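Spelled out from the first residue to the last, the chains are:
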Amino acid sequence: MPDHSPETPPALDWRDGVLPISTQFDDPYFSLANGLDETRHVFLAGNDLPQRFRTGFHIAELGFGTGLNLLATLLAVGDTRVRYTSFEAYPMAAPDIARALQAFPEAAAVAEDFLTQWAQGLRRFQLGPIAVEVIVGDARATLPAWGGRADAWYLDGFSPAKNPELWTEELMAEVAAHTAPGGTFATYTAAGFVRRGLQAARFAVERRKGHGHKRHMATGKLLE
Ligand SMILES: C[S@@+](CC[C@H](N)C(=O)[O-])C[C@H]1O[C@@H](n2cnc3c(N)ncnc32)[C@H](O)[C@@H]1O
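Residues numbered from 1 in each chain as written. Predicted model: local features only at pLDDT ≥ 70, side-chain atom pairs only at ≥ 80, totals over all residues. Heavy atoms only, no water.

Participant: Give me the lowdown on the site of the ligand, citing residues and values where you can.
Facilitator: Inspection of the region around the ligand gives 22 residues, with Gly-63, Thr-66, Glu-88, Ala-139 and Asp-156 positioned closest. Note that a nitrogen atom of the ligand is positioned 2.6 Å from one of the side-chain N or O atoms of Asp-156. Here the ligand, which alone exposes 610 Å², has 98% of that area covered by the protein. In this structure the site holding the ligand corresponds to the largest pocket. For the shell around the ligand, the elements supplying multiple residues, two or more each, are helix H2 (68–77) and strand E5 (82–88). (Near = heavy atom within 4 Å. Polar contact = N/O pair within 3.5 Å; in protein donor to acceptor, adjacent residues only side chain to side chain. Areas by Shrake-Rupley, 256 points an atom, 1.4 Å probe, with all protein chains shown as cover. 1 Å grid on protein atoms, 1.4 Å probe; cavity = no way out; pocket = protein on both sides within 12 Å on 5 of 7 lines; lining within 4 Å. Sits in = over half its atoms within 2 Å of the grid points. Helix = DSSP H or I, 4+ residues; strand = E, 2+ residues; numbered from the N terminus.)

Take a look at the structure:
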């Protein structure tokens, strides 16, 4: 079913013609040199994936952006049927997503089905073994209203300095409230206020080595 809720596509600048930068947040959607590698390191390995995948496993994400994390998950999941719910306030237009994905041939090679459905306005669709739903709106309003619970969270807002509303203690408490027992999160940032918010929300937070030259990232498991 097409979702007819109004959408506000983000204003973009393009660095080197290929890297989308949000004009509103003044921040890139991913790092050009190694966006797909970074996704694999931070969000997949950070959640101990693909090892934990099993039928019905539910991933949730703050910040859908170009769908690169979804496609990295598709490349990793094999035949296991899983769910993927992402929260996004400013869905990108399909041609912009297609342009951004050109930087990652491995992801672009499996993106056609996604881009076709996205261009049709579908925000709930099947992508191979993955049942995808992108919930459009400000996550501060849409996450509290969500009825689901994720086994693994990808926390992928713009940098906490530039997009602090996606990293507040209140929102991290909502992430925890929408995490299944034994569930985990991973994020590229190790910013102190983000880690403290996640700890206050009853995650056992761990700093791990970040991707490439980045010193740290953060992961965590919901305490019993
Ligand atoms: C770093 S980008 C996400 C990159 C993405 N995961 C990918 O694979 O391309 C951050 C995303 O968070 C979204 N965002 C920022 N503030 C938001 C909010 N309050 N609610 C929901 N989404 C928000 C932005 O529109 C942007 O798409």
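Participant: Which residues make up unusual backbone geometry, and what values do they have?
Facilitator: Along the chain, Leu-49 connects to Pro-50 via a cis peptide bond; the corresponding omega equals 15°. Tracing the chain through its elements places Pro-50 in the loop between helix H1 (35–44) and strand E4 (58–62). Phi angles above zero are rare outside glycine, and Asp-48 is one such case at about 55°. Note that Asp-48 resides in the loop between H1 and E4.

Participant: So what about the nonpolar core? Which residues, and what values?
Facilitator: If you look at the biggest cluster of nonpolar residues, it comprises 68 residues, and the most contacted ones within it are Leu-62, Phe-114, Trp-153 and Leu-155. For this core, the element with the highest residue contribution is H2, accounting for six residues. (Core = buried A, V, L, I, M, F, W, Y, C linked by side-chain atoms within 4.5 Å. Buried < 20%, exposed > 50% of the residue type's maximum accessible area, 1.4 Å probe, protein only.)

Participant: Tell me about the sheet that holds E5, and please be specific about residues and values.
Facilitator: The strand order E6-E7-E5-E4-E8-E9-E11-E10 describes an open sheet built from eight strands, whose pairing is mixed. Edge positions in the open sheet fall to strand E6 (124–127) and strand E10 (203–209), since each of these has one partner strand only. The sheet shows a mean angle of 20° between the axes of neighbouring strands, taken without regard to direction. Across four bridges, the pairing between strand E9 (residues 179–187) and strand E11 (residues 216–222) is antiparallel. Bridge assignment links Phe-185 to a residue of E11, and that residue is Gly-220. Sitting on the sheet, helix H5 (residues 112–119) is in contact with E6 and strand E7 (130–136), with an inclination near 165° to E6. (Pairing = 2+ DSSP bridges. Axes fitted to C-alpha atoms, helices over the stretch in contact; angles between N-to-C directions. Contact = heavy atoms within 4.5 Å.)

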